[in-house]
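Residue-level structure breakdown
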Amino acid sequence: AEYRRPPARPIENAALVDLGRDLFFDPIISATGKTSCATCHRPERAFTDGRARAAAISGAPLQRNTPSLWNLAWGKHYFWDGRAASLEEQAAMPIENAAEMGADWNILLRTLQGDAALMTEFRSAFPGDTPLSKETVTKALASYVRSLVSPPTRFDAWIDGDANALSPTELRGF
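An account of the accompanying structure is given in this report. (Residues numbered from 1 in each chain as written. Predicted model: local features only at pLDDT ≥ 70, side-chain atom pairs only at ≥ 80, totals over all residues. Heavy atoms only, no water.)

Quick word on the overall build of the protein chain
- Tallying secondary structure elements over the protein chain gives eight helices and zero strands in all.
- Along the protein chain, helices (α) and strands (β) appear in the sequence α-α-α-α-α-α-α-α when read from the amino end.
- With the C-alpha coordinates of the protein chain rotated into their principal frame, the extents come out at 55 × 40 × 25 Å.
- Residue burial in the protein chain is summarised as follows: out of 174 residues, 36% are buried.
- Pairs at least 24 residues apart make up 52% of the contacts formed inside the protein chain by residues separated by at least 6 positions.
- When the 19 positive and 21 negative side-chain charges of the protein chain are each reduced to one mean point, those points stand 4 Å apart. (Helix = DSSP H or I, 4+ residues; strand = E, 2+ residues; numbered from the N terminus. Buried < 20%, exposed > 50% of the residue type's maximum accessible area, 1.4 Å probe, protein only. Contact = heavy atoms within 4.5 Å. Lys, Arg positive; Asp, Glu negative; His and termini not counted. Charge placed at Lys NZ, Arg CZ, Asp CG, Glu CD.)

Written as structure tokens, this is what we have:
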């Protein structure tokens, strides 16, 4: 039971997840307009970049590698050192970090305000609220990340009782 997958995918507002996905893949949220979250968290690499150490916007290596984003809906602390207590808090940090995306929130919010398509999405995701703020940007990004659930694995099948799902070597390794 300790290793069993959570029984259900987290339920999020679809408009919020869609907005978060669009922001995640859009370099508009970086200071240079050339870096998106997906620059380092590449879906085809399990939302990592495959490097030993992530690259800063300058191209220099950062201190750590890019962690996968799978299954973070069930996390309690984020980043390798646990310094973020929520996905919303985590989402803001790379955007603000000068070496990662280097954005200034005041400039970023003005830039987003000028994108009519994104503003339509913000109004849809946040009806009745102030649709554009640091909080709504990070909430949308966090909602998208919460929706990223890894596909079932052979390990999951083994935990669920399929004795043949793993090889003898894999079982010894476990």
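That was the structure; now back to the text.
Comments concerning unusual backbone geometry
- With phi around 60 degrees, A46 is a residue other than glycine that occupies positive phi space.
- Notably, F79 is not glycine yet its phi reads approximately 75 degrees, a positive angle.
- The class of F79 is partly exposed, set by a relative accessible area of 22%.

Describing the packing of aromatic side chains
- Scanning all chains against the criterion turns up 11 aromatic pairs.
- Ring centres 5.1 Å apart and planes at 55 degrees place the aromatic pair F24 and Y144 in the tilted group. In this pair, F24 is assigned in helix α1 (residues 14-25) and Y144 in helix α6 (residues 134-146), connecting sequence segments 120 residues apart.
- On the accessibility criterion, F24 (2% relative accessible area) is buried.
- You can call Y144 buried: its relative accessible area is 8%.
- Through pairs of rings, three or more aromatic residues link up here, namely F24, F25, F47, W70 and Y144.
- Here the guanidinium or amino end of R83 rests over the ring plane of F79, the centre of that ring lying 3.9 Å away. (Phe/Tyr/Trp six-rings, centres within 6.5 Å; stacked < 30°, edge-to-face > 60°. Lys NZ or Arg CZ within 6 Å of the ring centre and 35° of its normal.)

Looking at the environment of A60
- Inspection of the secondary structure assignment puts A60 in the loop between α2 (37-40) and α3 (87-96).
- Through-space distance from the C-alpha of A60 to that of F25 is 22 Å; in sequence the pair is 35 residues apart.
- Residues contacting A60, with those up to four places away along its chain left out, are A54 and A55.

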